[in-house]
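Residue-level listing of the chains:
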Amino acid sequence: MRTEALSVFGLEPPVVIVLCLVVVTLLADTVVRGIRRLRSDDEAIVERWRSVGSWWALTLLAGAALAVGRSGVFAVMGVLALLALRELLNLLKIPHLYLLAVLPVPLVYGWAWLDWETVYLDVLPGTMVVLFLLGIDWRRPPYPRRGAVRSLGHGWILGLFAPLYLAGVASLPASGNPRGGAMGWVLYLLLLTAFNDILQAWWGRKIGSRLLAPVLSPHKTWEGLIGGLLTTVGVALVLGPALTPLGHAVPLGGRALGAPWLWSAATGALIALAGVIGDLTISAFKRKARVKDSGTLLPGQGGILDRLDSLTATAPVFFFLTYLLWYRFS
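My aim in this report is to walk through the structure given alongside it, one point at a time.

### Quick notes on the overall build of the chain
Item 1. Assigned secondary structure in the chain consists of 13 helices and 0 strands.
Item 2. Mapped from its N terminus to its C terminus, the chain presents α and β elements in the order α-α-α-α-α-α-α-α-α-α-α-α-α.
Item 3. Since a compact globule built from 330 residues should have a radius of gyration of about 20 Å, the 20 Å found for the chain is in line with a globular shape.
Item 4. Overall, the C-alpha framework of the chain stretches about 55 × 55 × 35 Å when taken along its three principal axes.
Item 5. Relative to its 330 residues, the chain shows a buried fraction of 50%.
Item 6. Counting only contacts in the chain whose residues sit at least 6 apart along the sequence, the fraction spanning at least 24 positions is 70%.
Item 7. In the structure as shown, the chain presents an accessible area of about 16,100 Å², 68% of it carried by carbon and sulfur atoms.
Item 8. Charged side chains in the chain number 28 positive and 18 negative. The centres of these two groups are separated by 6 Å.

### Overview of the nonpolar core
Item 1. Within the largest apolar cluster, 79 residues are counted, with the highest numbers of intra-cluster contacts made by Tyr-120 and Tyr-188.
Item 2. Per-element tally for this core: the top contributor is helix α8 (residues 148–171), with 13 residues.

### Focus on helix α3 (residues 43–68)
Item 1. Its 26 residues place the ends of α3 38 Å apart at the C-alpha level, agreeing with the 38 Å of an ideal helix rising 1.5 Å per residue.
Item 2. All of the buried residues in α3 are Val-46, Ser-51, Val-52, Ser-54, Trp-55, Thr-59, Ala-65, Leu-66 and Ala-67.
Item 3. Buried residues along α3 sit against α2 (13–39), α4 (70–91), α9 (181–207) and α12 (304–308).
Item 4. Here α3 starts with a cap whose side-chain oxygen sits 3.0 Å from the backbone nitrogen of Ala-44, and that cap is Asp-42.

### Observations concerning the packing of aromatic side chains
Item 1. Applying the stated criterion across every chain yields a total of 14 aromatic pairs.
Item 2. Each ring, one from Trp-116 and one from Tyr-323, has its centre 6.2 Å from the other, and the planes form 80°; the classification is edge-to-face. Residue Trp-116 is located in helix α7 (residues 116–135), and its partner Tyr-323 is located in helix α13 (residues 311–328); the two are separated by 207 residues in the primary sequence.
Item 3. Judged by its relative accessible area of 15%, Trp-116 falls in the buried class.

### As for the pattern of salt bridges
Item 1. As enumerated under the stated definition, the model contains 8 salt bridges in all.
Item 2. When the shortest N-O distance is used, the salt bridge between Glu-223 and Arg-210 registers 3.1 Å. Here the residue Glu-223 occupies a position in helix α10 (residues 222–243), and Arg-210 occupies one in the loop between α9 and α10, the gap between them amounting to 13 residues.
Item 3. With a relative accessible area of 13%, Glu-223 lands in the buried category.

### Describing the packing of α9 against helix α11 (residues 260–289)
Item 1. With their axes 9 Å apart at the nearest point, α9 and α11 run at an angle of 60° to one another. When the axes of α9 and α11 are compared, the pair comes out oblique. Pair α9 / α11 crosses with right-handed handedness. Within the contact between the two elements, α9 uses Tyr-188, Leu-189, Leu-192, Thr-193, Asn-196 and Gln-200 and α11 uses Ser-264, Thr-267, Gly-268, Ile-271, Ala-272, Gly-275 and Val-276.
Item 2. Looking at side-chain class alone, the contact of α9 with α11 contains 6 nonpolar, 7 polar and no charged residues.

### Details of the environment of Ala-242
Item 1. Mapped onto the fold, Ala-242 is located in helix α10.
Item 2. Between the alpha carbons of Ala-242 and Val-73 there is a distance of 21 Å; along the sequence they are 169 residues apart.

### Quick word on unusual backbone geometry
Item 1. Positive phi outside glycine occurs at Lys-93, with the angle close to 65°.
Item 2. Relative to the elements of secondary structure, Lys-93 occurs in the loop between α4 and α5 (98–102).
Item 3. Judged by relative accessible area, which is 59%, Lys-93 ranks as exposed.
Item 4. Unusually for a residue other than glycine, Arg-290 sits at a positive phi of about 60°.
Item 5. Its location among the elements puts Arg-290 in the loop between α11 and α12.

### Structural notes on a nonpolar patch on the surface
Item 1. Judged by side-chain polarity, Leu-27, Val-31 and Ile-35 come together as a nonpolar surface patch covering roughly 260 Å² of accessible area.
Item 2. With respect to the helices and strands, Leu-27 occurs in helix α2.

### Digging into α10
One full turn of an α-helix is made of 3.6 residues, so residues set three or four places apart face in the same direction.
Item 1. With 22 residues, α10 should reach 32 Å at 1.5 Å per residue; the first-to-last C-alpha distance of 30 Å fits that figure.
Item 2. Where α10 bends most, the angle comes to about 25°, and this point is Leu-237, followed within four residues by the proline Pro-241.
Item 3. Every buried residue belonging to α10 is among Glu-223, Gly-224, Leu-225, Gly-227, Gly-228, Thr-232, Val-233, Ala-236, Leu-239, Gly-240 and Leu-243, and all of these are buried.
Item 4. Close packing links the buried residues of α10 with α2, α9 and α11.

About the thresholds
- Residues numbered from 1 in each chain as written.
- Predicted model: local features only at pLDDT ≥ 70, side-chain atom pairs only at ≥ 80, totals over all residues.
- Heavy atoms only, no water.
- Helix = DSSP H or I, 4+ residues; strand = E, 2+ residues; numbered from the N terminus.
- Rg over C-alpha atoms; globule rule 2.2 N^0.38 Å.
- Buried < 20%, exposed > 50% of the residue type's maximum accessible area, 1.4 Å probe, protein only.
- Contact = heavy atoms within 4.5 Å.
- Areas by Shrake-Rupley, 256 points an atom, 1.4 Å probe, with all protein chains shown as cover.
- Lys, Arg positive; Asp, Glu negative; His and termini not counted.
- Charge placed at Lys NZ, Arg CZ, Asp CG, Glu CD.
- Core = buried A, V, L, I, M, F, W, Y, C linked by side-chain atoms within 4.5 Å.
- Expected span 1.5 Å × (residues − 1).
- Polar contact = N/O pair within 3.5 Å; in protein donor to acceptor, adjacent residues only side chain to side chain.
- Phe/Tyr/Trp six-rings, centres within 6.5 Å; stacked < 30°, edge-to-face > 60°.
- Salt bridge = Lys/Arg side-chain N within 4 Å of Asp/Glu carboxyl O.
- Axes fitted to C-alpha atoms, helices over the stretch in contact; angles between N-to-C directions.
- Parallel < 35°, antiparallel > 145°, perpendicular 65-115°, else oblique.
- Left-handed = near helix turned anticlockwise from the far one by under 90°.
- Nonpolar A, V, L, I, M, F, W, Y, C, P; charged D, E, K, R; others polar.
- Patch = residues over 30% accessible without salt bridge, like charges linked within 9 Å, V, L, I, M, F, W, Y side chains within 5 Å.
- Bend = angle between axes of the 7 residues up to and from the residue.

See the structure below:
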């Protein structure tokens, strides 16, 4: 009876519990940052206080999408894609192509809604590879090649196709995750991606000294990468068993690698590494445009693309890993 009472809008009890814990954690962080803000006018403290409101907005948006289900995730990602594309085109100095850039959005999202396996397993991977190869400047890595058409291809990859894989995770059959259903996979991915960003930044501020990629990011350090990786793996070992089969069973697609907890740790490590790649990729565009943030929509955090940067890599990686291990060979 208690288990049924915890269900909200069809969400599995573990998903509801974790969402409640996230809200409690955010509430505690709001109080702490509020006290620091009252005691100091330091610019860094003021900026972190502003970011609290953005975290609340993002948390409520994610919670609403999860409560609605697959259609909610598709709707939210569709809106974010429109906003991210605008920011990307501004970075690429081709804002006049925005109307052309958004033309594929309803087509791709509608097709993915109706036939997700074809789109996510066949169409998007091939399209992204072709657009990526056409857009690389092999003479001056890691910056993109100049040209409006090639830049538009990068915009589609990072602003439309890659984040769309979050909706792909929401499309996975609930039967493959008896713990949290499809929304359990989605929440797990969102939390690990966010925690990885936060933890790497925290470790970088505390002990970081050796720059990871000075050409792309003046703040990312090797210490932040390693510290964030290890702590993200720790978070994965807790969240995996809570929201997913990770930690409870060995996937049929990976029987040879043994213990269930190893799969939970490995998934956390892959998300952490993919998150860095996504972050640095967007940083390359911002660096070339000579701006700190992709936009100003999220106070204290920048633009939508500043929050989706890691997800542009973690979402596709997590989708394929989850599909292959828990669905394809099951």
